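# Fold and contact review
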Amino acid sequence: MFDSLWMNRTVRRMRVGLPGLLAGLVLTAALAVSCSSETEEATVPPDSMRTCSVDDDCAVYEAGCCDHCNGGYVFSVNKASLTEAKSKHKASCGTDVACTLMGCAEKVPVCESGLCAHKDGTR
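Attention in this report is confined to the structure presented alongside it. (Residues numbered from 1 in each chain as written. Predicted model: local features only at pLDDT ≥ 70, side-chain atom pairs only at ≥ 80, totals over all residues. Heavy atoms only, no water.)

## Quick word on the overall build of the protein
The number of helices and strands found in the protein is two helices and four strands. Tracing the protein from N to C terminus, the helices and strands come up as α-β-β-α-β-β. Excluding contacts between residues fewer than 6 apart, the proportion of contacts in the protein whose partners are at least 24 apart in sequence is 65%. For the protein, the computed accessible surface area is about 8400 Å², with 59% contributed by carbon and sulfur atoms. (Helix = DSSP H or I, 4+ residues; strand = E, 2+ residues; numbered from the N terminus. Contact = heavy atoms within 4.5 Å. Areas by Shrake-Rupley, 256 points an atom, 1.4 Å probe, with all protein chains shown as cover.)

## Remarks on the environment of Cys-116
Topologically, Cys-116 is positioned in strand E4 (residues 115-120). Spatially, the C-alpha atoms of Cys-116 and Ser-53 are 8.8 Å apart, while their sequence positions differ by 63 residues. In this structure, Cys-116 is in contact with Arg-50, Thr-51, Cys-52, Asp-57, Cys-58, Ser-76, Val-77, Asn-78 and Val-110, ignoring residues within four places of it in sequence.

## A few points about the environment of His-118
Examined against the element boundaries, His-118 turns out to sit in strand E4. A relative accessible area of 30% means that His-118 is categorised as partly exposed. For the pair His-118 and Val-77, spaced 41 residues apart in the sequence, the C-alpha separation amounts to 9.4 Å. Apart from the residues lying within four places of it in its own chain, the contact partners of His-118 are Val-60, Val-74, Phe-75, Ser-76, Lys-107, Val-108, Pro-109 and Val-110. Separated by 2.8 Å, the side chains of His-118 and Ser-76 make a polar contact. (Buried < 20%, exposed > 50% of the residue type's maximum accessible area, 1.4 Å probe, protein only. Polar contact = N/O pair within 3.5 Å; in protein donor to acceptor, adjacent residues only side chain to side chain.)

## Looking at the state of the cysteines
This model, assessed by the stated rule, comprises four disulfides. One disulfide bridge connects Cys-58 with Cys-116, the sulfur atoms lying 2.1 Å from each other. Taking the sign of the torsion about the S-S bond as the criterion, the disulfide between Cys-58 and Cys-116, at about -85°, is left-handed. Here Cys-58 is found in strand E1 (residues 58-63), whereas its partner Cys-116 is found in strand E4, with 58 residues between them in sequence. Residue classification places Cys-58 among the buried positions, given a relative accessible area of 1%. A relative accessible area of 1% means that Cys-116 is categorised as buried. With a sulfur-sulfur separation of 1.8 Å, Cys-69 is cross-linked through a disulfide to Cys-104. One disulfide, between Cys-69 and Cys-104, carries an S-S torsion of -80° and so falls in the left-handed class. With Cys-69 in the loop between E1 and strand E2 (73-78) and Cys-104 in the loop between helix H2 (82-88) and strand E3 (107-112), this pair connects stretches of sequence that are 35 residues apart. When its relative accessible area of 16% is taken as the criterion, Cys-69 is described as buried. (Disulfide = S-S within 2.5 Å.)

Printed below as a string of structure tokens:
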């Protein structure tokens, strides 16, 4: 008796839980698609745009319709290449883009092994 009662409750929970799970997956997929851009290339800039000697040679920029915490991308380049790099990652987002509103650490530029990179937090 106990086993069948437990089994019935488990099956009922699964019936309720499965539609909720599927709805959550569909919503997640819709948000991921809305934060991406067909024209955006999420590729790391070439090393020639990332050369550096010290952290102050580098700059961080965000690419995409949403910020890096919410589906966009963050890249690091040397300051001399910043304008060119931003123009290569220009996204056409339109007016119906929905971004999530999650927060995360800011990215700060660093020079690692002669190439610009980024890390979380402050210098």
